[in-house]
Amino acid sequence: MAGNSSGPRDTWGSKAAFILAAAGSAVGLGNIWGFPTVAAQNGGGAFLLVYLLCVVLIGAPVMLAELAIGRHTQRNPVGAFRALAPGSAWVAVGALGVVAGVVILSFYSVIAGWTIAYIFKTITGAFGPGADTAAIFAGVAANPTSAISYHLLFMAITILVVVGGVRHGIERWTKVLMPGLAALLLLLVFRAVTLSGAGEGLAFYLRPDFSQINGSVFLAAAGQAFFSLSLGMGAMITYGSYISKKDDLASSALYVTAFDTAIAVFAGLLIFPTLFHAGLEPGAGGPGMVFVVLTSLLGTIPPAPWGGTIFGTMFFALLFIAALTSSISLLEVGTAYMVDEKGMSRKRAAWILGITAFVLGIPSALANGAVSWLSSLPGIGTDFLSFLFAVFGQYALVIGALFISIFTAWIWGTRKAAEEVRSTDGKFPLETVWVFLIRFLCPIAIILILINLVQSLM
Ligand code: PHE
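The rules behind these values
Residues numbered from 1 in each chain as written. Predicted model: local features only at pLDDT ≥ 70, side-chain atom pairs only at ≥ 80, totals over all residues. Heavy atoms only, no water. Helix = DSSP H or I, 4+ residues; strand = E, 2+ residues; numbered from the N terminus. Rg over C-alpha atoms; globule rule 2.2 N^0.38 Å. Buried < 20%, exposed > 50% of the residue type's maximum accessible area, 1.4 Å probe, protein only. Contact = heavy atoms within 4.5 Å. Areas by Shrake-Rupley, 256 points an atom, 1.4 Å probe, with all protein chains shown as cover. Lys, Arg positive; Asp, Glu negative; His and termini not counted. Salt bridge = Lys/Arg side-chain N within 4 Å of Asp/Glu carboxyl O. Polar contact = N/O pair within 3.5 Å; in protein donor to acceptor, adjacent residues only side chain to side chain. Phe/Tyr/Trp six-rings, centres within 6.5 Å; stacked < 30°, edge-to-face > 60°. Lys NZ or Arg CZ within 6 Å of the ring centre and 35° of its normal. Near = heavy atom within 4 Å. Nonpolar A, V, L, I, M, F, W, Y, C, P; charged D, E, K, R; others polar. Patch = residues over 30% accessible without salt bridge, like charges linked within 9 Å, V, L, I, M, F, W, Y side chains within 5 Å. Expected span 1.5 Å × (residues − 1). Bend = angle between axes of the 7 residues up to and from the residue.

Enquirer: Help me out: how do you make sense of the overall build of the chain in this one?
Expert: Regarding its fold elements, the chain presents 18 helices and zero strands. Compactness check: the chain gives a C-alpha radius of gyration of 21 Å against a globular reference of 23 Å for 458 residues, within 12% of the reference. Along the first, second and third principal axes, the C-alpha set of the chain runs to 60 × 50 × 45 Å. For the chain, buried positions account for 58% of its 458 residues. Of the contacts made within the chain by residues no fewer than 6 positions apart, 82% connect residues no fewer than 24 positions apart. Total accessible area computed for the chain in this model is approximately 16600 Å², and 69% of it derives from carbon and sulfur atoms.

Below you can see the structure in the form of structure tokens.
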């Protein structure tokens with residue numbers, strides 16, 4: 001039952017199914033891989049504090065704005081802006097989202113490919129006590145054949161799910177497995193915080209060093225919040241377009257935001273104690289840090305080696321599925337655009353965009369040791385994957401979110417947006433708070449963050 005321009009639009013089966021699907025989009029590598037990586041590079045506790053502020057004050061209101069735009073227009077991001085502001089340049093914001101979706105998908109699939117490789121590694125007991133987890137990571141990610149094959153495999157799976165359409169593809173996966181991921185994460189956190197040296201890691205993560213808070217921490221935190229919540233590129237506009245008029249938008253936005261943030265915070269509770277236990281440096285890790293650190297935890301799970309094998313395999317299997325429910329939303333944005341606006345079949349659109357993202361992802365797959373200049377870009381210093389993550393996964397989303405908040409507040413208007421939120425049952429409890437945040441706080445805070453970025457580049 002694929003949505004297309006002629007038939008009635010596909011909708012989610014129920015409110016719970018929508019929340020799970022949106023949470024499925026939000027929860028993914030951004031939480032388990034991105035959040036600890038960015039937190040480690042930005043001072044730990046200081047970052048966590050600023051991150052939580054960004055989620056509550058900017059993330060949650062933008063989430064509701066995107067859902068309202070989507071449900072009101074029942075369209076993909078380009079079509080949504082076209083419907084609300086016909087003939088204006090606002091469609092460019094939707095187009096930026098479509099492009100960002102494909103580029104993010106390109107490197108996202110590389111990391112997600114590693115999770116597939118790690119399912120095989122863990123199941124064969126590769127991470128016993130004392131395993132050289134850094135060397136194992138290099139074997140997966142620095143080997144070009146392995147890195148590209150897993151990237152290809154993950155992309156193919158993503159395309160096949162998106163071809164299946166909303167109800168039968170996305171919904172079925174998320175419903176079962178999201179709660180499983182949360183439960184397993186909690187179990188692993190329990191192991192991590194009882195390791196020797198865990199206290200130091202917890203202090204790094206939970207005790208903010210206020211002297212570390214500066215403009216670049218705010219930028220990193222805001223970017224990470226948008227990435228993790230799937231905001232700023234129209235994924236939630238697209239998912240919102242499949243919500244039925246019967247479902248309550250405000251509480252859905254809050255649930256999704258809270259669930260996503262809880263998973264990221266748990267991931268930090270898992271990674272930082274383990275990192276300090278293993279005697280590693282928080283700031284030093286690139287994109288592989290989480291894989292190296294996490295697997296060093298597995299050797300400590302009794303009874304060795306079975307404990308680590310069982311928990312490790314389950315963990316990577318669930319992480320793979322969390323990544324899949326996010327990657328399908330990345331591909332869904334462009335697919336919905338091609339189906340709605342260009343009249344293409346869902347199948348054709350998903351294949352064209354997915355193959356494009358696969359090809360674009362090849363340099364990212366080679367950027368973790370396989371090709372040396374891609375692994376440390378001349379003049380930039382970081383690897384190509386981290387570079388794309390910063391530019392498209394973070395800055396582009398911050399800019400997208402800025403435009404979405406300005407659009408909702410001042411072009412479409414908070415009165416009409418609030419009407420859409422209220423249309424279910426006449427209620428919108430935090431309306432005045434939301435109106436204040438989306439009109440003033442979100443745009444001003446994001447503009448300040450961007451000014452700071454521009455200054456730091458000069
Ligand atoms: N939120 C997803 C994650 O945390 C990534 C994503 C970003 C998905 C933007 C859709 C849009 O893994």
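Having put the structure on the table, let's press on.
Enquirer: What exactly am I supposed to notice about the side chain of Asp383 here?
Expert: Here Asp383 lies in the loop between helix 16 (372–375) and helix 17 (384–422). This buried residue, Asp383, is left without a salt bridge; Lys121 holds the nearest opposite charge, at 20 Å. A polar atom in the side chain of Asp383 sits 3.1 Å from the backbone nitrogen of Leu385. Among the polar contacts listed, one links the side chain of Asp383 to the side chain of Ser386, at a separation of 2.6 Å. Those residues within four positions of Asp383 in sequence are excluded, and the remaining contacts are Pro287, Ala367, Asn368, Leu374, Ser375, Ser376 and Leu377.

Enquirer: Can you walk me through the packing of aromatic side chains in this structure?
Expert: Aromatic ring pairs: the centre-centre distance and the angle between the two ring planes describe each pair. Summed over all chains, the structure comprises 28 aromatic pairs. Residues Phe81 and Trp90 carry aromatic rings whose centres are separated by 6.4 Å and whose planes lie at 15° to one another, so their mutual orientation is stacked. Judged on exposure class, the residue Phe81 and its partner Trp90 are both buried. With a centroid separation of 5.6 Å and an interplanar angle of 85°, the aromatic rings of Phe315 and Phe316 are classed as edge-to-face. For Phe315, a relative accessible area of 2% translates into the label buried. Phe316 sits in the buried class, given a relative accessible area of 1%. Ring pairs connect the aromatic residues Phe35, Phe47, Tyr51, Phe204, Tyr205, Phe272 and Phe276, which therefore count as one cluster. Just above the ring of Trp410 sits the side chain of Arg439; from NZ or CZ to the centre is 5.2 Å.

Enquirer: I'm lost on the pattern of salt bridges in this one. Help?
Expert: Any two side chains of opposite charge can pair if their charged atoms end up close together. Within this structure, the stated rule accounts for six salt bridges. Residues Arg422 and Glu431 are paired through a salt bridge, measuring 3.2 Å at the closest nitrogen-oxygen approach. Taken together, the shared-partner salt bridges in this structure form one network comprising Arg71, Lys245 and Glu420.

Enquirer: Is there a simple way to explain the site of the ligand in this structure?
Expert: Inspection of the region around the ligand gives 15 residues, with Ala26, Gly30, Tyr108, Phe227 and Ser230 positioned closest. Phe227 has a polar backbone atom sitting 2.7 Å from a nitrogen atom of the ligand. Protein burial of the ligand: of its 320 Å² of free accessible surface, 100% is covered by the chains. Taken together, the residues that form the shell around the ligand break down as seven nonpolar, eight polar and no charged.

Enquirer: Hey, could you run me through a nonpolar patch on the surface in this one?
Expert: A cluster of nonpolar side chains, Trp410, Ile411, Phe436, Phe440, Ile444, Ile447, Leu448 and Ile451, forms an exposed patch at the surface whose accessible area comes to about 770 Å². At the level of elements, helix 17 and helix 18 (431–457) are the ones that each hand at least two residues to the nonpolar patch. Among the elements that make up the nonpolar patch, the one with the highest residue count is helix 18 (six residues). Residue placement: Ile451 occurs in helix 18.

Enquirer: I tried to follow helix 15 (residues 346–365) on my own but got confused; where do I start?
Expert: Within an α-helix, residues lying three or four positions from one another point in the same direction, as the helix has 3.6 residues per turn. Between its terminal C-alpha atoms helix 15 stretches 27 Å, which fits the 28 Å expected from 20 residues at 1.5 Å a residue. The principal kink in helix 15, of about 25°, is found at Val359, preceding the proline Pro363 by one to four residues. For helix 15, the complete set of buried residues consists of Arg346, Ala349, Ala350, Leu353, Gly354, Ala357, Phe358, Gly361, Ser364 and Ala365.

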